Amino acid sequence: MTTLTFLGATQQVTGSCYLIESGKHRILLECGMYQGELRPEKIPDKLFRFDPQKIDAVVLSHAHLDHSGLLPALTRQGFKGPIFATTPTRDLLVVMLKDAAFLQHKDVEWENKKRLRSGKEPMLPLYDMNDVEQVLALVETIDYGQRTAVIEGIEVCFRDAGHIIGSAIVELWFKDKAHSKKLVFSGDLGNSSSPLLRDPEIVQFADLLLLESTYGDRDHRPADETRDELRQALTQAFEDGGNVYIPAFAVGRTQDIIFRLGQFYHKRELKQQKVFLDSPMATSVSEIYTHYTGLYNKEHPEFNEAIFEGGWKDWLPILSYSRTTEESMALNTIVSGAIIIAGSGMCTGGRIKHHLKHGLWRSKNHIIFVGFQARGTLGRALVDGAKQVRFMGEEFSVNAQIHTLGGFSAHAGQTQLLEWAGKFQERQPVLYLVHGELEKMLALQKQFHARYGWYANIPDLGETITL
Ligand SMILES: [Zn+2]
Ligand SMILES: [Zn+2]
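Note that the structure is predicted; figures quoted are calculated from it, not measured. (Residues numbered from 1 in each chain as written. Chains lettered and ligands numbered in written order. Predicted model: local features only at pLDDT ≥ 70, side-chain atom pairs only at ≥ 80, totals over all residues. Heavy atoms only, no water.)

Student: Before we go on, may I ask you to explain the overall build of the chain in this structure?
Tutor: Helix and strand counts for the chain come out as 13 helices and 22 strands. Burial status across the chain gives 59% buried among its 467 residues. Put simply, of all contacts in the chain between residues at least 6 apart along the chain, 75% involve residues at least 24 apart. Accessible area for the chain stands at about 19200 Å²; split by element, carbon and sulfur atoms hold 49% of it. Across the chain, the centroid of the 51 positively charged side chains sits 3 Å from that of the 57 negatively charged ones. (Helix = DSSP H or I, 4+ residues; strand = E, 2+ residues; numbered from the N terminus. Buried < 20%, exposed > 50% of the residue type's maximum accessible area, 1.4 Å probe, protein only. Contact = heavy atoms within 4.5 Å. Areas by Shrake-Rupley, 256 points an atom, 1.4 Å probe, with all protein chains shown as cover. Lys, Arg positive; Asp, Glu negative; His and termini not counted. Charge placed at Lys NZ, Arg CZ, Asp CG, Glu CD.)

Student: What should I look at first to understand the coordination of the zinc ion (ligand 2) in this one?
Tutor: A metal bound by six donors in octahedral fashion has ideal angles of 90 or 180 degrees, whereas one bound by four tetrahedral donors has an ideal angle of 109.5 degrees. Taken together, D66 (OD), H67 (NE2), D188 (OD) and H435 (NE2) make up the full set of protein donors to the zinc ion (ligand 2), lying 2.1 to 2.3 Å away. For the zinc ion (ligand 2), the 4 donor atoms in the first shell make angles of 87 to 165° at the metal, a pattern classed as irregular. If you list the donors of the zinc ion (ligand 2) from N- to C-terminus, the spacing comes out as D-H-x120-D-x246-H. A separation of 3.3 Å is found between the zinc ion (ligand 2) and the zinc ion (ligand 1), which share D188 as a coordinating residue. With a gap of 121 residues between them, H67 in helix α1 (residues 65-68) and D188 in the loop between β10 (180-185) and β11 (208-212) connect regions that are remote in the sequence. Given a relative accessible area of 0%, H67 falls into the buried group. What makes D188 buried here is its relative accessible area of 2%. (Donors = N, O, S within 2.8 Å, 3.2 Å for Na, K, Ca; no water. Tetrahedral: all angles 85-135°; square planar, octahedral: opposite > 155°, others 65-115°.)

Student: Any chance you could explain the packing of aromatic side chains here in plain terms?
Tutor: To describe a pair of aromatic rings, one takes the distance between the centres and the angle between the planes. Following the criterion strictly, the structure yields 11 aromatic pairs and no others. On the basis of an interplanar angle of 25° and a centroid distance of 4.5 Å, the ring pair of F391 and F396 is categorised as stacked. Look at F391 and you get buried, because its relative accessible area is 5%. Both rings, one in Y452 and one in W454, keep their centres 6.1 Å apart while their planes meet at 65°; by these two values the pair is edge-to-face. One residue, R147, lies across the ring of W173, its end atom 3.7 Å from the ring centre. (Phe/Tyr/Trp six-rings, centres within 6.5 Å; stacked < 30°, edge-to-face > 60°. Lys NZ or Arg CZ within 6 Å of the ring centre and 35° of its normal.)

Student: Any chance you could explain the layout of surface pockets here in plain terms?
Tutor: It is the rolling of a water-molecule-sized probe over the atoms that shows where space remains empty. Taken as a whole, the second largest pocket holds about 280 Å³ of empty space. Along the walls of the second largest pocket sit 17 residues, with Y215, R218, Q373, V383 and T404 positioned nearest its centre. (1 Å grid on protein atoms, 1.4 Å probe; cavity = no way out; pocket = protein on both sides within 12 Å on 5 of 7 lines; lining within 4 Å. Points joined across faces, edges and corners; volume = space filled by probe spheres on them.)

Student: What is the right way to look at the coordination of the zinc ion (ligand 1) in this model?
Tutor: Of the protein atoms, only H62 (NE2), H64 (ND1), H163 (NE2) and D188 (OD) coordinate the zinc ion (ligand 1), at distances of 2.2 to 2.3 Å. Here the zinc ion (ligand 1) is ringed by 4 donor atoms whose angles at the metal span 91 to 166°, and the overall shape comes out irregular. Each donor residue of the zinc ion (ligand 1) belongs to the same chain, with the gaps between them written as H-x1-H-x98-H-x24-D.

Student: It is not clear to me how the sheet that holds strand β19 (residues 401-404) should be interpreted in this structure. Could you clarify?
Tutor: Two pairing modes exist for strands in a sheet, parallel and antiparallel, and in both the strands are linked by backbone hydrogen bonds. Taking strand neighbours across the sheet as the criterion, the 6 strands line up as β14-β13-β15-β12-β16-β19 in an open arrangement whose pairing is parallel. Each end of this open sheet is capped by a strand with a single partner; those strands are β14 (319-321) and β19. Neighbour-to-neighbour, the strand axes of the sheet open up by a mean angle of 20°, direction not taken into account. Set on the sheet, helix α5 (residues 223-240) makes contact with β12 (244-247), β15 (338-342), β16 (366-369) and β19; between it and β16 the angle comes to about 165°. Contacting β12, β15 and β16, helix α10 (residues 352-359) runs over the sheet at an angle of about 145° to β12. (Pairing = 2+ DSSP bridges. Axes fitted to C-alpha atoms, helices over the stretch in contact; angles between N-to-C directions.)

Student: What am I meant to see in the pairing of strand β13 (residues 274-277) here?
Tutor: If a strand is regular, its side chains alternate between the two faces of the sheet. Direction of pairing for β13 relative to β15: parallel, over a ladder of 4 bridges. Bridging across to β15, K274 finds its partner in A338. Where β13 and β14 come together, 3 bridges link them in parallel fashion. Looking at β14, one finds that L277 is bridged to Y321.

Student: Help me understand empty space enclosed by the protein, please; the structure alone is not making it clear to me.
Tutor: Enumeration according to the criterion identifies 2 cavities of 30 Å³ or more in this entry. The computed volume of the largest cavity comes to approximately 50 Å³. Lining the largest cavity we find G162, G190, N191, S192, S193, S194, L197, R253, F408, S409 and A410. Split into classes, the residues belonging to the lining of the largest cavity amount to 3 nonpolar, 7 polar and 1 charged. When its volume is computed, the second largest cavity comes out at roughly 40 Å³. Lining the second largest cavity are Y144, D160, G162, I164, I165, G166, S167, L197, R198 and L295. Partitioned by chemical class, the residues of the lining of the second largest cavity number 5 nonpolar, 3 polar and 2 charged. (Nonpolar A, V, L, I, M, F, W, Y, C, P; charged D, E, K, R; others polar.)

Just geometry here; none of it tells us what the structure is for.
Structure representation (C-alpha cells):
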C-alpha cells in the first residue's frame, strides 16, 4: 500500500511537504518552509510531524525555499538519506540555503540579545552552515528525463517545469507485490513568458496528480502587454524625476527583469542610465543561470543569441552589482534616474525594505511588483493599495506609485493549469490541488468541473490519502 500525507502548502502557497509511505519505505517529496518560518518568533515547537531519521530519501522539485528551506533542519534531526534534484537545483541550493542559514543566524543573535537582557534562556537557530553542508553532501543529481531508482520499489523522473532554472515536474512510480501506482506532482509550473525558460513538459499518465494552484483563479495578462506596461512605467518614472524600485525574487524574476531591461536597452527604449542589482544572492543566482544557457528556450519568439554570449553585463551594460552594505546604502543618495532591483520579492526582508523606507513617501518614485505577493506581507499591503504601512518599527505613508505587472509571473495562470492537466490521457488521475490560497483553489475546482467534469480535491493539512 502507498499513502501520501499532506504536510504543507495546503490551502496556501508556502510550506510544500508531502510524506509518502510505500511498503516499508518512507520518502519526502519537498521539504519546504512556510513564509517567515525561520524567524525566531515563528519557529514552531514541533517542526516535523514525522521522525526525520526514518525518512529514506527526499525528492525535490526545485530550489525555492518554500520547497527546500527545511532540508538543513531535516539533516540536523538525523536524516541521512539521498536528496534527489536536478543539477541547477543543487547549484541554487548552495546559494539559497547558505543565505537562509546566515539570515537566521543574524536574527537569532538579535533575539538572544533581547532574551539575555530580560533574563530568558537564549535560543538556538533551526540550523546553521554545518547543517547546510550536510544537505549539500547528500544531494544526488539527475538530468531531466532520466528515470532513476530512489530506493527499492520507488522510481523518479524529472521533467522541465519551466518555473525557474532546474525546476521539475516530478513523476514517481511505486511498486510493491500487490500493485504499481504512479504519482505526478506538477511542482511549480511555469508561465512560458520568458525565453530564459522552456515551456512546462507535457505528462500524459498518472494515478494521482498533485497540481499547484497559485493562480487558480485567473489568467495573466499576455507577456507582450506586460512588457509594454513595464516600459511605460519606467518612462513615466524617468519623466517624474524619481527612481524605480523593483522588489524581485532572487531566483527567476530578477533574471527575467534584467533580460527585459536589456531588450529595452538594445532598442534604445530605456531612458534610465543606471540599473543596480542590489542583492548579493540574486547576483550569485544570475551567475548560475549563465552556466545553464543550454536550458534556455531557443524556440521562444523573443530568444536572442546575445543572452548567451558575454553574460549579464554584456546584455545590459548599464547594470552594476551592489555587493556590500556600503554600496547598498550609497544608493539611498540617488534621488532620480535609477532602477534598483532588490530582494526580498514580497518585501518581507532584505535590502528592499531600506529602499522603501527612503523612497515610499516620495510621489515621484515608482515601485514595480513583478511576482506573487502572499497574504500578510508588506508587498501584498502595497499591491492592495495601503496608504500607510508600518515596518522596521516606523510608520510610512505611501505616496510612490505602485504598479503590479502580472504577465511576468513564474507561475502558470488558470487556463495554462487547466490545459496542462487536460493532457493526461487515457483516464483522469485522482486530482488534488496544492500550493494555492483557498479561494484560488475553489475557482480552479469549479473550472475543472465545468470544463472536464473532473473533481478536484482540496486537501486539509495532515490529511492522508491512499494511492
Ligand atoms: Zn517556486
Ligand atoms: Zn512554490
